[in-house]
Structures are given as structure tokens and as C-alpha cells.
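Residue-level structural notes
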Amino acid sequence: MNGRFACRFDPRRVTTPAYVVDKGLLQHNLAILARVKEATGCKILLALKCFAMFRVFPILAEVLDGVCCSSPHEARLGREEFGREVHSFAAAFSETDIADLALTSDHLVFNSFAQKRRFQSQAAEIAGQFGHRLEFGLRINPEHSEGANPLYDPCAPGSRLGIRWQDFLADQLDGISGLHWHNLCEQDADCLERTVTVVEQNFASILPHMRYVNFGGGHHITREDYDVERLITIVKRFQDRWGVQVYLEPGEAVALNAGYLVASVLDVQPAHPGTATNVIMDASVPAHMPDVLEMPYRPHIIGSGESGEKAFTCRIGGLSCLAGDVAGEYAFNQPLKVDDRLVFTDMAIYTMVKNNTFNGVQLPAIMLFHPEKDELELVRSFDYQDFRNRLS
Ligand SMILES: Cc1ncc(COP(=O)(O)O)c(C=O)c1O
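Calculation notes
- Residues numbered from 1 in each chain as written.
- Predicted model: local features only at pLDDT ≥ 70, side-chain atom pairs only at ≥ 80, totals over all residues.
- Heavy atoms only, no water.
- Near = heavy atom within 4 Å.
- Polar contact = N/O pair within 3.5 Å; in protein donor to acceptor, adjacent residues only side chain to side chain.
- Areas by Shrake-Rupley, 256 points an atom, 1.4 Å probe, with all protein chains shown as cover.
- Nonpolar A, V, L, I, M, F, W, Y, C, P; charged D, E, K, R; others polar.
- Helix = DSSP H or I, 4+ residues; strand = E, 2+ residues; numbered from the N terminus.
- Expected span 1.5 Å × (residues − 1).
- Buried < 20%, exposed > 50% of the residue type's maximum accessible area, 1.4 Å probe, protein only.
- Arc of directions from axis to C-beta.
- Phe/Tyr/Trp six-rings, centres within 6.5 Å; stacked < 30°, edge-to-face > 60°.

Some words on the site of the ligand
Taken together, Ala-47, Lys-49, Arg-139, His-180, His-182, Gly-217, Gly-218, Glu-249, Pro-250, Gly-251, Glu-252 and Tyr-350 form the complete shell of residues around the ligand. For the ligand, an oxygen atom lies 2.8 Å from a polar atom in the backbone of Gly-218. One nitrogen or oxygen atom from the main chain of Gly-251 is found 2.9 Å from an oxygen atom belonging to the ligand. Burial of the ligand by the protein amounts to 87% of the accessible area it has alone, namely 400 Å². Across the shell around the ligand, the residue classes break down as three nonpolar, five polar and four charged.

Below, the structure written as C-alpha cells:
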């Protein structure tokens, strides 16, 4: 069973719009990840930025070693709901972030030596006061691109993510036990192998001093054609050569093809001359699947083909006012009608979390300025519970 082509539930039983995650498909992915762990002894973290439906964390935690987080909200969710290791990284931390993360995280990864200088001892002190063990790492930039879209390439020229070898201060590694990088996006093990070779060349003098090295995410391990054996060989070789613990922190591979967005048809409009019929659904692309517009990509709908491939071609759009609230052109065997269900596939990854707050970033507060009193009124601010309660 591959959730890309079919679903095992009757979509008519779904009150739409709804995300539906298939627990069995998650378990299928977990079995593959468990095999990698067993064969290599590596640790695997779930990237919460991709999938953070904490209702299923108990199932995930049977196999995965913990979570990687990008914000205090994600780290708290990981600490409270996942209950295993919590690794936190952000392009930059603020003082308030550190006060939280020092207690909710087990590993704090800095993106620059300036951030390390500014926050390492503060974080260690806070953790120490509570008897909490905290390790520190540095994110490096391998300066090795594997052809991903520049929007998703942390090694693109001018990137703000990771420390390049020429900026790396080898004499400032006090208290640092790990290196971390992330440069892949939906890629196979050959891309990882080439990256590892570059890192081994540049950071050879640093690696023996580390306890762990985190290869980041972007490994499409659970995709049918992914070369799992090659991944196993790379991880084993690296651990043996450098005496380190390897971590992987995939997001997509954990919930790949394991979830759907189910919508209903609300209206079928008359076709304009020379264009496809517009079908309006009770979902919205920017509101419910913002990654479709950001990537951008055309999500697959079960039972559909490419435009013109089947008898009825239509343009499927959302109910919002945005002219571009359109998923794409699709062809079906029969004309769609009101109340038909549309089942979009692969909607567990980077979808639910994106319509919430991507990376768990703090939502801006809403304020009102009263010029007559020169007063700023806080109308509403959003806290951890607001973040958490939209995820499960
Ligand atoms: C630092 C880091 N780790 C892990 C991931 C997860 O990547 P993926 O979901 O592609 O496996 C990302 C994705 O952007 C990332 O930036």
C-alpha cells in the first residue's frame, strides 16, 4: 500500500476539510527507519518543522530517538509530548529563547561563533541550576550543494545557515561536542555520500574531537527507490572512521505519503471558452496547504490524471478570494459534481505545520495604537498553548 496512489478509508466518511493521517503508513515508514538504526547504531530524530502531530508521538517514539526543533515552542512540545532527546537549532537565538531552550533541550546547536560566545555559558548556567544536562553543537556549512532549488539549499552562495570552514574557529571549541549540517532536500544517499566526502576533507582536524555528528534532514529514506543500503554503508563508515555517534534528523521520511487532505466539491462553474472548468472546493491552497504555493508544486489527487489525460479536465481551486488559490489542473474519468470528495495525497509533511506556524515560530502579537493617548494596547498575544492546541 502506498498512500500516494490510494487511501484505505472511505473519504465520504470524512467531514471536510480534514487532514487524515494513516497510522499504518506511518508504521510502514518507521519500520524502514528502524532497520537503518539497527544496522548502523545511528540515532534518528523527527524534524518537528515537518510533522508535529503529537497524538502519534507515542508510536513514533517507539523507534525514533527524539526530535529536532527550531523554536522554544517546538522544543517544549518535544520535551512534554515526545519524551526523548530534544535537539534545538535556529539561525539565531534570542536571550528569551535561550532561557527556555536551556531547560527544554538536551542539545543546543549554534549557527555562529558569535552566538556561541553570547549564549553558551548563560545556557549552561541555567541548565546547571536545575541539574539539567545540556550539550552544545555547532552548525557547519559544508559548502556543497546537491542541486536543490536555491530556496531549499542551505549551501547556496551567501547562505546564512552554518559556519563555513574559512570562518571556523578551531581554537574556540570549548564545551562543543557535536557538529551539525543540513544540505539535502528530498535526496538520495549518493547526495549524502558526496557531502560527507567534502566534510571529511574540510573538517578532518575537528571530527576526532566530536562526540556526535548530525547529518541533518532531507534524506528521503522511506521513498520506494531510496538506496537504504548505501545510507547504511555511509553511516557505518563515518562512525567507524571518526569514532562519533551519527544522528539523522529527517522530517519527510518519517511521514512521507502517510497523510491526506480531504476536501469536498462546493461548486462546478461553467467553463470559459478555451479554458478548463473551475471547480471550487471547501479547502484553500494558501490556508490549508501553503507549501503548495511556496515550493511550488502540484499536489496529487487520488483518481486524477494530468490535464487532458482523462475525459473531464478541470481547474481545482479553493474557496478563498485569492485569484491564485488554485491547486492545479486535473483530469478525471467523470465530471466532478457537488459533494464529491477530493483526496490530496502526501499531506502530512510540511502541510499541517505550515498552516500553523512553520518551525513553531512565535506568532506576532496584535496591538492597537491609540494616538490620542500615545498608548499601545496589547489586544492579543499567542503562547505555547495556542501553538500546541492546533497540532493534535
Ligand atoms: C536543520 C534541518 N533539519 C532537518 C530538516 C528536515 O528535512 P526533511 O523534512 O527534508 O527531511 C530541515 C528541513 O528544512 C532542516 O532545516
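Next, the rest of the story.
Examining helix H1 (residues 23-40)
In an α-helix, one turn spans 3.6 residues; hence positions three or four apart end up facing the same way. Here H1 is 18 residues long and its end C-alpha atoms lie 26 Å apart, about the 26 Å a rise of 1.5 Å per residue gives. Listed in full, the buried residues belonging to H1 are Leu-25, Leu-26, Asn-29, Leu-30, Leu-33, Val-36, Lys-37 and Thr-40. Summarising the axial view, the buried residues of H1 lie within an arc of 140°, below the 170-degree limit, and thus occupy one face. If you check the start of H1, you find a side-chain oxygen 2.8 Å away from the backbone N of Gly-24, and it comes from Asp-22. Two residues or fewer past H1, Gly-41 is found with a positive phi of approximately 80°.

With respect to the packing of aromatic side chains
Under the defined criterion, the tally for this structure stands at 14 aromatic pairs. With a centroid separation of 5.3 Å and 80° between ring planes, the pair formed by Phe-113 and Phe-168 is classed as edge-to-face. One end of the pair, Phe-113, is in helix H5 (residues 113-129); the other, Phe-168, is in the loop between strand S6 (135-139) and strand S7 (176-180), with 55 residues separating them in the sequence. For the pair Phe-113 and Phe-168, a shared accessibility class is recorded, and that class is buried. Members of the aromatic cluster, connected to one another through ring pairs, are Phe-113, Trp-165, Phe-168 and Phe-203.

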